[in-house]
Amino acid sequence: MTTDKPLRADAQRNREALLAKAREVFDAGGFFDLRFDDFARLAGVGTGTLYRHFPTREALAEAVYHEEVATLCDRARQLQATLPAEEALATFLRGMVGHMDAHQGLARTLATLMATGSGALAEGSRALEQAVTDLVAAAVKDGAVRDDVGAGAVMMALHGIGAAHDRTGWRAEADGVITLVLDGLRRSHSGDGQREHEQESVVDQSGVP
């Protein structure tokens, strides 16, 4: 198995400069409006340097996305290591909404790229889902949340929130969706009793002893 050779210090600086500028353009929502070669000019590097690091616009976008995913996954691990499981899950999900709000241009650009079926973006999505899976599993183990709803359902809610970013009042509604998700996940002993009562009522009404 081969591994990528470490970049020289100057090459690493150039790569980071390109990624930083791409992230700015993402956030401004102009990633597809800018000529690809202009990324080099804005980052203060040569065009050849741009193409050496990122041969295509899609490769640059995927690199930005991978950095974002790595940051979010690191955040999830940090929360899991320092907070009670239920609080870690809630803090991460609310933080995801804050991240989407702060980087709306990035969300729009990624939604466009996801439509192309990018394997790299799908890989990043799987990494993020694994981070959510670990947070949910820890909360289930603590007995804080129900065990019959998987992380996939949480990811669907997050995807829905991201897809609706153009709605008026998006932030308040997004926070409300997260509240609904957390309330729905939370284990309720009274709710368990209610379900048992409903099951008993069904049996009584059916006439089956």
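Residues numbered from 1 in each chain as written. Predicted model: local features only at pLDDT ≥ 70, side-chain atom pairs only at ≥ 80, totals over all residues. Heavy atoms only, no water.

### Overview of the UniProt feature "DNA-binding region" (unreviewed entry) in the protein chain
And step 1. The UniProt feature table records "DNA-binding region" (unreviewed entry) at residues 35-54.
And step 2. Across residues 35-54, the secondary structure splits into 65% helix and 0% strand, with the terminal C-alpha atoms separated by 14 Å. (UniProt positions renumbered as here; feature names shortened; annotations may be inferred. Helix = DSSP H or I, 4+ residues; strand = E, 2+ residues; numbered from the N terminus.)

### Some remarks on the pattern of salt bridges
And step 1. Under the counting rule described, the total for this entry stands at twelve salt bridges.
And step 2. Here Arg 23 ties to Glu 67 by a salt bridge, and the two come within 2.4 Å at their closest N and O atoms. Of this pair, Arg 23 sits in helix 1 (residues 9-28) while Glu 67 sits in helix 4 (residues 57-82); the two residues are 44 residues apart in sequence, bridging distant segments of the chain.
And step 3. Judged by relative accessible area, Glu 67 falls into the partly exposed class, the value being 32%. (Salt bridge = Lys/Arg side-chain N within 4 Å of Asp/Glu carboxyl O. Buried < 20%, exposed > 50% of the residue type's maximum accessible area, 1.4 Å probe, protein only.)

### Description of the nonpolar core
And step 1. Core analysis: the biggest nonpolar cluster contains 37 residues, and Phe 92 and Leu 93 have the highest contact counts within it.
And step 2. Among the secondary structure elements, those contributing two or more residues to this core are helix 4, helix 5 (85-102), helix 7 (119-141), helix 8 (151-163) and helix 9 (170-185).
And step 3. A total of nine residues in this core trace back to one element, the largest contributor, which is helix 5.
And step 4. If sequence neighbours within four positions are ignored, Phe 92 has contacts with Leu 72, Arg 75, Ala 76, Leu 79, Leu 128, Val 132 and Leu 135. (Core = buried A, V, L, I, M, F, W, Y, C linked by side-chain atoms within 4.5 Å. Contact = heavy atoms within 4.5 Å.)

### Regarding the packing of aromatic side chains
The way to describe two aromatic rings as a pair is by their centre distance and the angle between their planes.
And step 1. Within this structure, the stated rule accounts for five aromatic pairs.
And step 2. Plain terms: the ring middles of Phe 31 and Phe 39 are 5.3 Å apart, the flat faces sit at 50 degrees to each other, and that makes the pair tilted.
And step 3. Overall, the relative accessible area of 1% leaves Phe 39 in the buried class.
And step 4. Among the aromatic residues, those joined into a ring-pair cluster are Phe 26, Phe 31, Phe 32, Phe 36, Phe 39 and Tyr 51.
And step 5. Directly above the ring of Phe 31 sits Arg 57, whose terminal nitrogen or CZ lies 5.7 Å from the centroid. (Phe/Tyr/Trp six-rings, centres within 6.5 Å; stacked < 30°, edge-to-face > 60°. Lys NZ or Arg CZ within 6 Å of the ring centre and 35° of its normal.)

### Here's the deal with helix 1
And step 1. Counted at 1.5 Å a residue, the expected span for helix 1 with its 20 residues is 28 Å, and the 29 Å between its end C-alpha atoms agrees.
And step 2. Where helix 1 terminates, the next one or two residues include Gly 29, which has phi positive at roughly 80 degrees. (Expected span 1.5 Å × (residues − 1).)

### A few points about the side chain of Arg 57
And step 1. Position of Arg 57 relative to the elements: it lies in helix 4.
And step 2. The buried charged residue Arg 57 lacks any salt bridge partner; its closest oppositely charged side chain belongs to Glu 58, at an N-O distance of 5.6 Å.
And step 3. Polar side-chain contacts of Arg 57 include one of 2.8 Å to the backbone oxygen of Leu 34. (Lys, Arg positive; Asp, Glu negative; His and termini not counted. Polar contact = N/O pair within 3.5 Å; in protein donor to acceptor, adjacent residues only side chain to side chain.)

### Describing helix 9
And step 1. Its 16 residues give helix 9 an end-to-end C-alpha distance of 22 Å, which sits within 8% of 22 Å, the value for a rise of 1.5 Å per residue.
And step 2. Listed as buried for helix 9 are Trp 170, Ala 174, Ile 178, Val 181, Leu 182 and Leu 185. The buried residues of helix 9 occupy an angular sector of 110 degrees when the element is viewed end-on, so they sit on one face. Opposite its buried face, helix 9 presents the exposed residues Ala 172 and Leu 180, each directed more than 90 degrees away.
And step 3. Residues of helix 9 that are buried sit in contact with helix 5 and helix 8. (Arc of directions from axis to C-beta.)

### Description of the packing of helix 5 against helix 8
For any two helices packed against each other, one specifies the inter-axial angle together with the distance between the axes.
And step 1. Their axes nearest at 11 Å, the elements helix 5 and helix 8 cross at an angle of 20 degrees. Comparing their axes, helix 8 and helix 5 come out roughly parallel. Handedness of the helix 5/helix 8 crossing: right-handed. Only Val 154, Leu 158, Ile 161 and Gly 162 of helix 8 make contact with helix 5, whose side of the interface consists of Leu 93, Met 96, Val 97 and Met 100.
And step 2. Across the contact of helix 5 with helix 8, the residue classes break down as seven nonpolar, one polar and no charged. (Axes fitted to C-alpha atoms, helices over the stretch in contact; angles between N-to-C directions. Parallel < 35°, antiparallel > 145°, perpendicular 65-115°, else oblique. Left-handed = near helix turned anticlockwise from the far one by under 90°. Nonpolar A, V, L, I, M, F, W, Y, C, P; charged D, E, K, R; others polar.)

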